[in-house]
Each structure stands twice: as C-alpha cells, then as structure tokens.
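# Observations on the model geometry
Residue strings, one per chain:
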Amino acid sequence: MGDIDPAFIQSKEHRPKSKVVETGEIPIIDLSERSEKLLVSKIGDACEEWGFFQVINHGVPSELNRKVEFEAKKFFEKSLEEKKKVKRDEVNAMGYHDGEHTKNVRDWKEVFDYLVQNTAQVPSSHEPHHFELRTLTNQWPQNSPHFRETLQEYAREVEKLAYKLLELTSLSLGLAGDKFHGCFKDQLSMVRLNYYPPCPFPDLALGVGRHKDSSALTVLAQDHVGGLQVKRKSDGEWIPVKPTPNALIINVGDIVQVWSNDKYESVEHRVVVNTERERFSIPFFFFPSHHVMVKPVEDLINEQNPARYREYNYGKFSANRNRSDFKKRDVENIQIHHFKILD
C-alpha cells in the first residue's frame, strides 16, 4: 500500500477512536420464512430500526461465494503492473484501483469494480443541461480463465436476490411489490471486490472511512475475518457486524431513504483494518438507470408528512460523485442532504 503519508497520520477522520460497543446484534432474517406477511414485517422493522440486516437461506450458493473469493485472491496477488492493465480512470470507472485517485486516499484497500450488465450508459457530465451519454465498459484481466465467468455468475445470482429484497422492502412500505422494478431497466448496478491487506497501523487507518451508500440497496458478502461496523441509530455507537456463516449483509441506501421519505435511513458504516490477516468483501450496489428521477414516493407523502427531498436525476448524481472522486479531492461528494427540503 506504499509509505504512510504524514497527512494521513494527522487525519482525525480516519483514526477509529470512536467507542465500539460489542453488545447489540444486527438482525438476522431467514428468507425461507413461509409467511410473507411475517417476512415483510421483519424486513420493515430492520430497515426502520437499523438500516441494516443479515439474510440467510437467500438463494446465492455459498460455493459460488467461495469461488469469487478465490478468484479475487488470485487477482490481487498479481503484480501491480499486471493489475494496472485494467486500471480505472476518469473516463471509465470500471476496473482496478488502489485508492490513489480518490478523495479517500487513506482507505487501506484495493478494489476491482465491474458492472452487472457489462456496459452501461451514463451522463458524460454532471451539468444539468448536458445530455450527452458515454459508455462504461467492464475491463477483464487477461490470463485469468475463470475470473470473468465466475464474477458474472455471481452478479446474476445476487441481482436476483436484490430484486427480491427490493420487493419485500417495497411491501414493507405499504407499496406494490414491483413498485420500483422499472427503475432498474438498464441499471448501473455493479459489484466490487474489496481487498484489505494487513495494516501495521490499526490506530491510524480504516479499511473504509465512515460513509453511506448511494445505492437503493447494498448486498454484502464478507469473509470470516470481519471488520464491518455500523453506526447504531439509537445512540450513535459503532456496532461490529460479526460474520455469520453463509449470511449476506443488506443495508438501505440513499435512494430507498429518499423514496421512503426518511422512514428508512441510509446508515453510516465503516470498515476497520486487521493487523495480521487480510480480508475480502464483495458488495453488490443496486443502482437504477441513469434516467431515473429519485424523489419521495407520492403514496407516502401527505399534508402531515410532506416531501422532504427535491427530486434528483440519478445519472447526474452519479456523474457528480465520479467527478468528485477524481477532481475534487478536498470537497465533499454530493449527498442526498443537498436535496433536502428545509423545514
């Protein structure tokens, strides 16, 4: 990961000094529950209380998870020269990166990103009246015969789960199960392989700093090492998400927070580093199409509960975030609170 930047040592934001509470468990929900009413109720309670939950019996084969982790390990073991052959850039945000071009340069990890649909159309500019589109395309490493096949199979399986979870979430809000399905035609959804090397300075670094996800939902597979921490809504304490065999971790993203008009909240989370063991995790970010306008659902707003957000175009929002990563390192990424309607 290179030498430690002196500014890194001074960065208070990335030094994990906040109290971590070992009590309190993220809910575990069995998706094989026969009663849809009970399942919907459990999903709703978890979304409202935590913004996070784990699922078991979710349909994604555990053996496939192991294959993805195996392929990820082989990829990240390659030389930096080899990995940079599929390095992402400002034009194409898919592929490998080691953190050197992002605002969060102190994140202690390497990543590989790929789209669920292999190519996707996104706005070429975040400017509101600029309508030209550009194409994002997956980059696949050469001489890795099973890498692409395994990762694409994983994306297809987790996508099925994401639609199921979206349906249950929608039902928990009192909406039709397929209310949001049309937003994901020509989706921008992507999978990320995260590799966290052992860190010799655990008091000075985080694997990933505190943040919220801009997705609708995120589906995360983490290995047995663990490291994910969630900021508990009730008291602001950091709660570790203990690895559960064959479970996947689900969290509400910004889009569902806006759709639900703040009934469900996109919760801050972070990843702590390990001094001795490497760690792998695989998040699936369920993103809609670039043309989708995100705003509170009309069925959920009324005179007593007015809309709390102005609508925003997801493609422009995403383009602005990508631009911030590469050009505005000292400026906050655009967030949904920038669209908040003040009381």
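Report follows, based on the coordinates. None of these values were measured; they are calculated from a predicted model.

## Some remarks on the overall build of the protein chain
When helices and strands are counted, the protein chain shows seven helices and 16 strands. Considering only contacts within the protein chain whose residues lie at least 6 apart along the sequence, 77% involve residues at least 24 apart. As displayed, the protein chain has an accessible area near 16,400 Å², and 48% of this comes from carbon and sulfur atoms.

## Some remarks on the side chain of Q257
Note on placement: Q257 falls in helix 6 (residues 254-259). Overall, Q257 belongs to the buried group, its relative accessible area being 8%. Apart from the residues within four sequence positions on either side, Q257 is in contact with V252, D262, Y264, E265, S266, Y309 and I336.

## Here we look at helix 2 (residues 36-49)
Compared with the 20 Å implied by 1.5 Å per residue over 14 residues, the 20 Å span of helix 2 between its first and last C-alpha is a close match. Of the residues making up helix 2, those classed as buried are L39, V40, I43, G44, A46 and C47. Mapping the buried residues of helix 2 onto a view down its axis gives an arc of 165°, with all of them on the same face. Away from its buried face, by an angle of more than 90 degrees, helix 2 presents the exposed residues K37 and E49. As for helix 2, its buried residues are in contact with strand 1 (28-30), strand 2 (52-56), helix 5 (147-172) and strand 12 (248-252). Downstream of helix 2 by a residue or two, G51 has a phi angle that is positive, lying close to 80°.

## Thoughts on the pattern of salt bridges
The full count for this structure, using the stated rule, is 19 salt bridges. We note a salt bridge from E71 to K74, for which the minimum N-O separation is 3.7 Å. You can see E71 and its partner K74 sitting in helix 3 (residues 62-76), three residues apart, about one turn around the helix. Judged by relative accessible area, which is 6%, E71 ranks as buried.

## Re the environment of V208
One can find V208 in strand 8 (residues 208-211). Its relative accessible area of 9% is what places V208 among the buried residues. A C-alpha to C-alpha distance of 8.7 Å links V208 and H269, two positions 61 residues apart in sequence. Those residues within four positions of V208 in sequence are excluded, and the remaining contacts are D107, K109, Y196, R270 and V271.

## Topic: the sheet that holds strand 11 (residues 238-240)
Read from one edge of the open sheet, four strands run 8-13-10-11, paired in antiparallel fashion. Here the strands that pair on one side only, and so sit at the sheet edges, are strand 8 and strand 11. Taking each pair of neighbouring strands and ignoring which way they run, the sheet shows an average axis angle of 20°.

## Re the pairing of strand 4 (residues 110-115)
Most of strand 4 is tucked away, with six of its six residues classed as buried. With burial as the criterion, each face of strand 4 is covered, one bearing E110, F112 and Y114 and the other bearing V111, D113 and L115. Bridge count between strand 4 and strand 7 (residues 190-196): six bridges; the pairing is antiparallel. Pairing of Y114 across the sheet is with V191, part of strand 7.

## As for the nonpolar core
Grouped together as the largest cluster of nonpolar side chains are 76 residues, with contacts concentrated most on F112, Y154 and W259. Counting 13 residues, the second largest nonpolar core, distinct from the first, contains I26, V208, L220 and V271.

## Remarks on the packing of helix 2 against helix 5
Running from amino to carboxyl end, helix 2 crosses helix 5 at an angle of 85°, the nearest separation of the two axes being 8 Å. Here helix 2 is positioned roughly perpendicular relative to helix 5, judged by the angle of their axes. Contacts between helix 2 and helix 5 involve E36, L39, V40, I43 and G44 on the former and, on the latter, L168, T169, L171 and S172. Here the contact of helix 2 with helix 5 is composed, by residue class, of five nonpolar, three polar and one charged.

## Notes on the environment of E132
Relative to the elements of secondary structure, E132 occurs in the loop between strand 5 (119-123) and strand 6 (133-137). Residue class for E132 comes out exposed when judged on its relative accessible area of 52%. Those residues within four positions of E132 in sequence are excluded, and the remaining contacts are V122, P123 and S124.

## Topic: the sheet that holds strand 3 (residues 95-97)
Across the sheet, eight strands lie side by side as 1-2-12-9-14-7-4-3; this open sheet has mixed pairing. In this open sheet, the two edge strands, each paired with only one partner strand, are strand 1 and strand 3. On average, adjacent strands in this sheet sit at an angle of 25° to one another, irrespective of strand direction. The strands touched by helix 2 are strand 1, strand 2 and strand 12; relative to strand 1, the strand with the most contacts, the crossing angle is about 160°.

Conventions we followed
- Residues numbered from 1 in each chain as written.
- Predicted model: local features only at pLDDT ≥ 70, side-chain atom pairs only at ≥ 80, totals over all residues.
- Heavy atoms only, no water.
- Helix = DSSP H or I, 4+ residues; strand = E, 2+ residues; numbered from the N terminus.
- Contact = heavy atoms within 4.5 Å.
- Areas by Shrake-Rupley, 256 points an atom, 1.4 Å probe, with all protein chains shown as cover.
- Buried < 20%, exposed > 50% of the residue type's maximum accessible area, 1.4 Å probe, protein only.
- Expected span 1.5 Å × (residues − 1).
- Arc of directions from axis to C-beta.
- Salt bridge = Lys/Arg side-chain N within 4 Å of Asp/Glu carboxyl O.
- Pairing = 2+ DSSP bridges.
- Axes fitted to C-alpha atoms, helices over the stretch in contact; angles between N-to-C directions.
- Core = buried A, V, L, I, M, F, W, Y, C linked by side-chain atoms within 4.5 Å.
- Parallel < 35°, antiparallel > 145°, perpendicular 65-115°, else oblique.
- Nonpolar A, V, L, I, M, F, W, Y, C, P; charged D, E, K, R; others polar.

On their own, these measurements won't tell you what the molecule is for.
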